Amino acid sequence: MPEAVSRLGRGRKSDRDWTDSPGGALPIQFNRMEVRRAARSAPGYDVCMGSLIFITGTDTGVGKTVLTAMLLASLRADGVHALAMKPVCCGSRADARLIDKIQEHEIPIEQVNPWYIPQPVAPAALPKHERPNWRPSELERSIRELQEGCEVLLVEGCGGVMVPLLENYFVRDLIEHLRCPVICAGRNRLGIINHMLLSARCLGEAGICKRVYVLMGTKSRNLATRTNANVLKCFLEPDPVVELPDLGGKADEFAVIKKSAKRFKKTLALIREMATF
């Protein structure tokens, strides 16, 4: 493994841990949902089986919500009982309401987004007397409760991996406690190589071994946008890097999300498979 790759960290488990049963490799033909249900009742059940996927990003405004919404629409169109949530929203609940609409208001908005502050800043950036009285255990419990009620739960983070939710509790800590696969989105533009590699290092240090990186397209076409994917594939190998093209200025609208989920069905299915098995 090249030195540049090894420095990013590979987590504490090998890829084999994600596909092998305790007694050996799984048969080629199997029902994924049955495997997951059986795993939940097994001693020492680990949520890394794929029923829970965390979507984070290199920054705010890089396409996490659009990606989460498309994955959600794609899963539900395939007959999978999938739900999504954005546990923490700051400034607006627009992202949570888009998710809520795609899953047809199946659960209350308070479950889609249990933690909300009206100020558009990281919660830990608020003055101490204005900070919400949140407990990490309550947030993690709200995620687990939703996970038990569906086949696949998508959890969208806020901002990037190192956003401080509380004074000593970062998005990375939430991901580490959930012990689930992670999809990391980033905008395909100049600077993304640095941002994506830093995010990869944080995830590796948190012991997250199943990671998929998604480059969200932009209108700009230049040397950086043409070469970013290949450079990242080299540094992040064996973790996969997938590209999605620019969806236009109205990418976060309900109708555009539904249309894009159909248009990029195969790519979204590939991302899902990479993140779960």
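Structural data are supplied above this passage.
Cut-offs used in this document
- Residues numbered from 1 in each chain as written.
- Predicted model: local features only at pLDDT ≥ 70, side-chain atom pairs only at ≥ 80, totals over all residues.
- Heavy atoms only, no water.
- Helix = DSSP H or I, 4+ residues; strand = E, 2+ residues; numbered from the N terminus.
- Buried < 20%, exposed > 50% of the residue type's maximum accessible area, 1.4 Å probe, protein only.
- Contact = heavy atoms within 4.5 Å.
- Areas by Shrake-Rupley, 256 points an atom, 1.4 Å probe, with all protein chains shown as cover.
- Salt bridge = Lys/Arg side-chain N within 4 Å of Asp/Glu carboxyl O.
- Expected span 1.5 Å × (residues − 1).
- Pairing = 2+ DSSP bridges.
- Axes fitted to C-alpha atoms, helices over the stretch in contact; angles between N-to-C directions.
- Phe/Tyr/Trp six-rings, centres within 6.5 Å; stacked < 30°, edge-to-face > 60°.

Caption draft 1: Structural view of the overall build of the protein. A tally of regular secondary structure across the protein gives twelve helices and twelve strands. Within the protein, the fraction of its 277 residues that count as buried is 49%. When contacts within the protein are restricted to residue pairs at least 6 apart in sequence, those whose partners lie at least 24 apart make up 78%. On the protein, roughly 13,300 Å² of surface is accessible, and the fraction owed to carbon and sulfur atoms is 52%.

Caption draft 2: Spotlight on the pattern of salt bridges. Overall, the coordinates contain ten salt bridges when judged by the stated rule. Across the pair Glu167 and Arg131 runs a salt bridge whose closest N-O atoms are separated by 3.8 Å. Of this pair, Glu167 sits in the loop between β8 (164-166) and β9 (169-170) while Arg131 sits in the loop between β6 (115-117) and α7 (136-148), placing them 36 residues apart in sequence. Using a relative accessible area of 29% as the deciding quantity, one classes Arg131 as partly exposed. Arg211 is the partner of Asp239 in a salt bridge, and the nearest nitrogen-oxygen pair spans 3.0 Å. On the criterion of sequence distance, the pair formed by Asp239 in the loop between α10 (223-236) and β12 (241-244) and Arg211 in strand β11 (residues 211-216) is long-range, its members being 28 residues apart.

Caption draft 3: Seen up close, helix α9 (residues 192-205). End to end, α9 covers 20 Å across 14 residues, agreeing with the expected 20 Å (1.5 Å per residue, within 8%). For α9, every residue scored as buried is listed here: Ile192, Met196, Leu197, Ser199, Ala200, Cys202, Leu203 and Gly204. Buried positions along α9 lie against β3 (52-57), α8 (171-178), β10 (182-187), β11 and α10. Gly207 lies just past α9 and shows a positive phi near 80°.

Caption draft 4: Structural context of the sheet that holds β12. In space, the six strands of this open sheet follow the order β4-β7-β3-β10-β11-β12, with parallel pairing throughout. Every interior strand has two partners, whereas the edge strands, β4 (82-85) and β12, have only one. Strand-to-strand, the axes of this sheet are offset by a mean angle of 20°, without reference to chain direction. Relative to β12, β11 is paired through four bridges, and the arrangement is parallel. Directly across from Met216, in β12, lies its bridge partner Leu244. Contacts from helix α4 (residues 64-77) reach β3, β4, β7 (152-156), β10, β11 and β12 within the one sheet, and its direction differs from that of β7 by about 170°.

Caption draft 5: How the structure looks around the environment of Ala224. One can find Ala224 in helix α10. Between the C-alpha atom of Ala224 and that of Gly191, which follows or precedes it by 33 residues, the distance is 8.5 Å.

Caption draft 6: Local environment of unusual backbone geometry. In this model, Glu237 is joined to Pro238 through a cis peptide bond whose omega is 10°. Tracing the backbone through its elements, the reader meets Pro238 in the loop between α10 and β12. Its identity as a non-glycine residue notwithstanding, Glu104 has a phi of 55°, on the positive side. Position of Glu104 relative to the elements: it lies in the loop between α5 (94-102) and α6 (109-112). Its relative accessible area of 61% is what places Glu104 among the exposed residues.

Caption draft 7: Up close: α8. Turning to α8, its buried residues are Val171, Asp173, Leu174, Ile175 and Leu178. Those residues of α8 that are buried are in contact with β3, α7, β8, β9, β10 and α9. At the C-terminal side of α8, Arg179 shows a positive phi close to 55°.

Caption draft 8: Highlighting the packing of aromatic side chains. Evaluated as defined, the whole model comprises one aromatic pair. For the ring pair Trp115 and Trp134, a centre distance of 4.2 Å and an interplane angle of 15° mean the geometry is stacked. With Trp115 in strand β6 and Trp134 in the loop between β6 and α7, the pair connects residues that are 19 residues apart, well separated along the chain.

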